[in-house]
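Single-letter residue listing:
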Amino acid sequence: MTTTPSARPMMSLSLAGILAAAALVAGSAYAAEPSGSTCGLRVTSQEQPRQARPGDVVCFAAGPARSRVTIDKGGTPDKPITYDGTGVDADGVTIEADNVIVVNFTLNRPQAPGIEATGNNITLRDNRITTPVNGDGDGIRFFGNGIKILGNTVRGTSNRYGHADCMQTFASDTPPSQDILIEGNRCEKVDNMGLMAEGPNDGEGDGKGHSHHFTIRNNYFETLRGSQALMFEDIQFATITGNEFAASPTKAIGLAIHSTDARVGGNKVSPGIRYEVGIDESSRKGYQGPEPGGRP
C-alpha cells in the first residue's frame, strides 16, 4: 500500500511567503552552480570516459562521426563528475548515472529526446537543443530524484513526430521524480507543452511510489499548439513562480489527477491565454494561487 507524500516544513509557508522567498533567490540559485571550466580529461563524443573519477571535469570534442553521447559513470553527491560538451554538436545525450553535471552541449536536430536523463542528483545546465527529430519529438526527458534543469534552451519541437514537449517526465517503466528544480530555461516555439509531468498513479503509470516537490521558476514557455504550457498529473507539491507564459494556449497551467498542494504566483501570462490555472476537483486540496479559470 502506498502513502501520499507529506508536506515538508518549507511548504507550510503562505503563498505570500513563498513568493517573497522566490524573489530573494531569483537569478541567484542558477548563478551559484559550479562552472566546471577546468578540463581534467578530454575525449571525443564517441568515447566513453571510463577513467573519470569523482570531481573530474570531462570535456568533449567532436568525433570523426556525429553520434549520440552516452554517460553512464557518475561521481559522488559531494563530488559529481562534470561532462562539458564545449559546444559539441552531438546527436543527443543519454544519461544513466547518478551525481553528474552535463553542460554546454549544442544539439542540432538530435534524435529525440535531445537529452534523456535517468538517475539521481543530475544537473543539466546551459545546453541548447534545436529541432529534435523522430521519437516523440521531445527536447528533454528526466526521471529520478534531485534533478536540476538550469539555463537550457529548447527550440522548435514539432508535433509531426508525436506530442513534442520541451520537457517531459512520467513513471511507467521509469522511476518517479522527486525534488526537481527547473529554473531559467527557455522553451521557444514548442508545438506541445513546456512541461508534461505525469506521476506513477495517473492511470497510465506503474503505481510505484510518488512524484512530488517540483519547483518551476523564472522560465520562458512558448506553447504553439498545446492547450496549456505546463501540465501536471499526479504530481504533488509543485511550486510555479516567476515564469513567463507566451503565445496563446487556453491556459498556462493544468493541475489534474491528484496534483495537490500546488503553489502558483508571480507569473507573467500572455494576454492571448484565457486563464492562468485550470484545475480538477481531485487537485484542489492545498492549492494556493490565482482563482482557477476552468478545467485543466
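Described in the following lines is the structure provided in the data block.

What counts, and at which threshold
- Residues numbered from 1 in each chain as written.
- Predicted model: local features only at pLDDT ≥ 70, side-chain atom pairs only at ≥ 80, totals over all residues.
- Heavy atoms only, no water.
- Helix = DSSP H or I, 4+ residues; strand = E, 2+ residues; numbered from the N terminus.
- Buried < 20%, exposed > 50% of the residue type's maximum accessible area, 1.4 Å probe, protein only.
- Contact = heavy atoms within 4.5 Å.
- Areas by Shrake-Rupley, 256 points an atom, 1.4 Å probe, with all protein chains shown as cover.
- Core = buried A, V, L, I, M, F, W, Y, C linked by side-chain atoms within 4.5 Å.
- Salt bridge = Lys/Arg side-chain N within 4 Å of Asp/Glu carboxyl O.
- Disulfide = S-S within 2.5 Å.
- Pairing = 2+ DSSP bridges.

Within the protein, the secondary structure is distributed over 2 helices and 26 strands. Within the span of the protein, comprising 296 residues, buried residues form 55% of the whole. Put simply, of all contacts in the protein between residues at least 6 apart along the chain, 62% involve residues at least 24 apart. Split by element, the accessible area of the protein, about 12,000 Å² in all, is 49% carbon and sulfur.

Residues Ile95, Met167, Phe232 and Ile253 are the most contacted members of the largest nonpolar core, which totals 55 residues. Other than its neighbours up to four places away in sequence, Ile95 contacts Ile71, Val100, Val102, Ile115, Glu116, Ala117, Thr118, Ile122 and Leu124.

Taken as a whole and judged by the stated rule, the model has 13 salt bridges. Across the pair Asp89 and Arg66 runs a salt bridge, and its minimum N-O distance is 3.1 Å. You can see Asp89 sitting in the loop between strand E4 (81-84) and strand E5 (93-96) and its partner Arg66 sitting in the loop between strand E2 (57-61) and strand E3 (69-71), a full 23 residues away along the chain. The partner of Asp261 in a salt bridge is Arg263, with the nearest N and O atoms 4.0 Å apart. Residue Asp261 shares its accessibility class with Arg263, and that shared class is buried. It is possible to trace a salt-bridge network through shared partners that takes in Arg66, Asp89 and Asp91.

Moving on: the state of the cysteines. Tallied over the entire structure, the rule returns 2 disulfides. Between Cys39 and Cys59 runs a disulfide, and the two sulfur atoms are separated by 1.8 Å. The disulfide joining Cys39 to Cys59 has a torsion of about -80° about its S-S bond and is therefore left-handed. Of this pair, Cys39 sits in the loop between helix H2 (28-31) and strand E1 (41-44) while Cys59 sits in strand E2, and the two are 20 residues apart along the sequence. Paired by a disulfide, Cys166 and Cys187 hold their sulfur atoms 2.1 Å apart. Negative torsions about the S-S bond denote left-handed disulfides, and the value of about -65° found for Cys166 with Cys187 makes this one left-handed. One end of the pair, Cys166, is in the loop between strand E13 (153-155) and strand E14 (167-169); the other, Cys187, is in strand E16 (residues 186-190), with 21 residues separating them in the sequence. The same class applies to Cys166 and to Cys187, which are both buried.

On to the pairing of E2. By the criterion of burial, E2 is predominantly enclosed, with 4 of the 5 residues buried. Where E1 lies against E2, 4 bridges are found, and the strand directions are parallel. Each bridged residue has a counterpart across the sheet, and for Arg42 the counterpart in E2 is Cys59. Pairing of E2 with E4 involves 3 bridges; the strand directions are parallel. Each residue of the ladder has a partner; that of Val57, found in E4, is Thr82.

On their own, these measurements won't tell you what the molecule is for.
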